Amino acid sequence: MRKHLSKPLFLLPTLGNILWMSIFFLVLIIGNDMMNTDGDLGRHLTLGKYILSSGKIPIQDIFSHTMTGQLLTPHEWLSQVVFATAEALFGFEGVVILCALVIAFTFLLIFKFTRSKTQTLLTTVLVIMIAAVTSRIHWVTRPHIFTFMMLALWLMVLDRMKEGKPESWWMLPPIMLIWANLHGAFIAGFATWLLFGLGILWDTLFNKISMEEKLPHNFWRNYLLGGGTSFLISFINPSGIKL
């Protein structure tokens, strides 16, 4: 009898799945508005198609009339390639689906992280709702949607280091390598890394961290190692240190 009942219960959708699927379909519904709210999509698709067809990432302006040949910093080239690939495979609908997947997956990460930090499900739901409402204005077909996802992953790794797995520092450089080529807001990763460390240092100096909450062994070494290597690896981009 127990086996008979356990299968349907196991198949019931979890709240986390319901939330991220709801956001996914919400983005699909507002897809037309997302594409028409901002005029940058055409430029991103044009540059993405150029990179795919030529195999070159332009570091000089090749499209404008008055600035042709001027220095160009391709800080979103990877996002543009991803957008152009989605459009080539599935048309404009592919771009909307891509954005829906990225945004929904970001909120799934936030849900799982928040749920692990609180004892009440209501708090988790409220956090998701506030995050969705406040970020809704930025749900457009632009590369910065990738920063949503990368920042969530980045902060989850930092928290993982603080909570007992400082060896997780090695996950920061790969995240930064991708982020630095997806969107210029990768600098937010270093800002949050710094603020995260300053917050822990403040709590340590003023005894706000109890004996039971002592930092893991070698936390500061791995914290600096993760941030330092991420900084160096961010130079791996078409513009190098000029990025």
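The coordinates are above.
Residues numbered from 1 in each chain as written. Predicted model: local features only at pLDDT ≥ 70, side-chain atom pairs only at ≥ 80, totals over all residues. Heavy atoms only, no water.

Trainee: What am I meant to see in the overall build of the protein chain here?
Mentor: Counting its regular elements, the protein chain contains 11 helices and zero strands. Based on the C-alpha atoms only, the size of the protein chain along its principal axes is roughly 65 × 50 × 30 Å. Burial analysis of the protein chain (243 residues in total) assigns 38% to the buried set. Considering only residue pairs separated by 6 or more positions, the protein chain has 69% of its internal contacts joining residues 24 or more positions apart. Just so you have it, the protein chain exposes about 14,400 Å², and 69% of that area is on carbon and sulfur atoms. Between the centroid of the 18 positive side chains of the protein chain and the centroid of its 13 negative side chains there is a distance of 9 Å. (Helix = DSSP H or I, 4+ residues; strand = E, 2+ residues; numbered from the N terminus. Buried < 20%, exposed > 50% of the residue type's maximum accessible area, 1.4 Å probe, protein only. Contact = heavy atoms within 4.5 Å. Areas by Shrake-Rupley, 256 points an atom, 1.4 Å probe, with all protein chains shown as cover. Lys, Arg positive; Asp, Glu negative; His and termini not counted. Charge placed at Lys NZ, Arg CZ, Asp CG, Glu CD.)

Trainee: Just checking my understanding: could you explain unusual backbone geometry for this structure?
Mentor: Peptide bonds are mostly trans, and most non-glycine residues show a negative phi. One non-glycine residue, asparagine 218, lies in the positive phi region at around 65°. Positionally, asparagine 218 belongs in the loop between helix H10 (187–205) and helix H11 (219–233). The class of asparagine 218 is partly exposed, set by a relative accessible area of 30%.

Trainee: Can you walk me through the packing of aromatic side chains in this structure?
Mentor: Describing an aromatic ring pair means giving the distance of the ring centres and the angle of the ring planes. One pass over the structure, following the stated rule, counts 15 aromatic pairs. Considering the side-chain rings of tryptophan 220 and tyrosine 223, the 5.4 Å spacing of their centres and the 85° angle between planes classify their relative orientation as edge-to-face. Taken together, the residues span about one helical turn, with tryptophan 220 and tyrosine 223 both in helix H11 at a distance of three residues. Counting every residue linked through ring pairs, the aromatic cluster contains Trp154, Trp179, Phe186, Phe190, Phe231 and Phe235. (Phe/Tyr/Trp six-rings, centres within 6.5 Å; stacked < 30°, edge-to-face > 60°.)

Trainee: Looking at this model, I keep getting lost on the environment of isoleucine 236. Mind explaining?
Mentor: Topologically, isoleucine 236 is positioned in the segment after H11. Setting aside its immediate chain neighbours within four residues, isoleucine 236 contacts Leu177 and Asn181.

Trainee: Even after reading the chapter, I still don't get the environment of leucine 232, so can you show me in this structure?
Mentor: Tracing the backbone shows leucine 232 in helix H11. Classification of leucine 232 by relative accessible area gives exposed; the value is 54%. Sequence separation between leucine 232 and leucine 177 is 55 residues, and the spatial gap between their C-alpha atoms is 9.4 Å.

Trainee: When you look at helix H2 (residues 15–29) in this model, what are you seeing that I'm missing?
Mentor: Two residues of an α-helix separated by three or four positions point the same way, owing to the 3.6 residues in each turn. Spanning 15 residues, H2 covers 21 Å between terminal C-alpha atoms, matching the ideal 21 Å at 1.5 Å per step. Packed against the buried residues of H2 are helix H3 (31–37), helix H6 (92–117) and helix H7 (121–135). (Expected span 1.5 Å × (residues − 1).)

Trainee: Looking at this structure, how should I read the side chain of aspartate 159?
Mentor: Note that aspartate 159 resides in helix H8 (residues 144–162). Excluding residues that lie within four positions of it along the chain, aspartate 159 makes contacts with Phe113, Lys117 and Phe196.

Trainee: Hey, could you run me through a nonpolar patch on the surface in this one?
Mentor: Taken together, Leu194, Leu195, Leu198, Leu201, Trp202, Leu205, Phe206 and Trp220 make up a surface patch of nonpolar side chains, about 830 Å² in accessible area. Among the elements that line the nonpolar patch, the one with the most residues is H10, at six residues. Position of leucine 195 relative to the elements: it lies in helix H10. (Patch = residues over 30% accessible without salt bridge, like charges linked within 9 Å, V, L, I, M, F, W, Y side chains within 5 Å. Salt bridge = Lys/Arg side-chain N within 4 Å of Asp/Glu carboxyl O.)

Trainee: Before we go on, may I ask you to explain the packing of H6 against H8 in this structure?
Mentor: How two helices sit against one another is set out by the angle between their axes and by the gap between those axes. Between H6 and H8, the least distance of the axes is 9 Å, while the angle of their chain directions is 25°. Taken as axis vectors, H6 and H8 run roughly parallel relative to one another. The crossing of H6 and H8 is left-handed. Together, Leu98, Cys99, Val102, Ile103, Phe105, Thr106, Leu109, Phe113 and Lys117 of H6 and Ile145, Phe146, Phe148, Met149, Ala152, Leu153, Met156 and Asp159 of H8 make up the contact between the two elements. Looking at the contact of H6 with H8 residue by residue, the class counts come to 14 nonpolar, one polar and two charged. (Axes fitted to C-alpha atoms, helices over the stretch in contact; angles between N-to-C directions. Parallel < 35°, antiparallel > 145°, perpendicular 65-115°, else oblique. Left-handed = near helix turned anticlockwise from the far one by under 90°. Nonpolar A, V, L, I, M, F, W, Y, C, P; charged D, E, K, R; others polar.)

Trainee: Can you help me understand the pattern of salt bridges in this one?
Mentor: Side-chain pairing between opposite charges can occur once the charged atoms of the two side chains come close. Scanning the model with the defined rule gives six salt bridges in all. Here aspartate 40 ties to arginine 142 by a salt bridge, and the two come within 3.1 Å at their closest N and O atoms. Taken together, the positions of aspartate 40 in the loop between H3 and helix H4 (41–54) and arginine 142 in the loop between H7 and H8 put the pair 102 residues apart, joining distant regions of the chain. You can call arginine 142 partly exposed: its relative accessible area is 25%. Here lysine 117 makes a salt bridge to aspartate 159, at a shortest N to O gap of 2.8 Å. Of this pair, lysine 117 sits in helix H6 while aspartate 159 sits in helix H8; the two residues are 42 residues apart in sequence, bridging distant segments of the chain.

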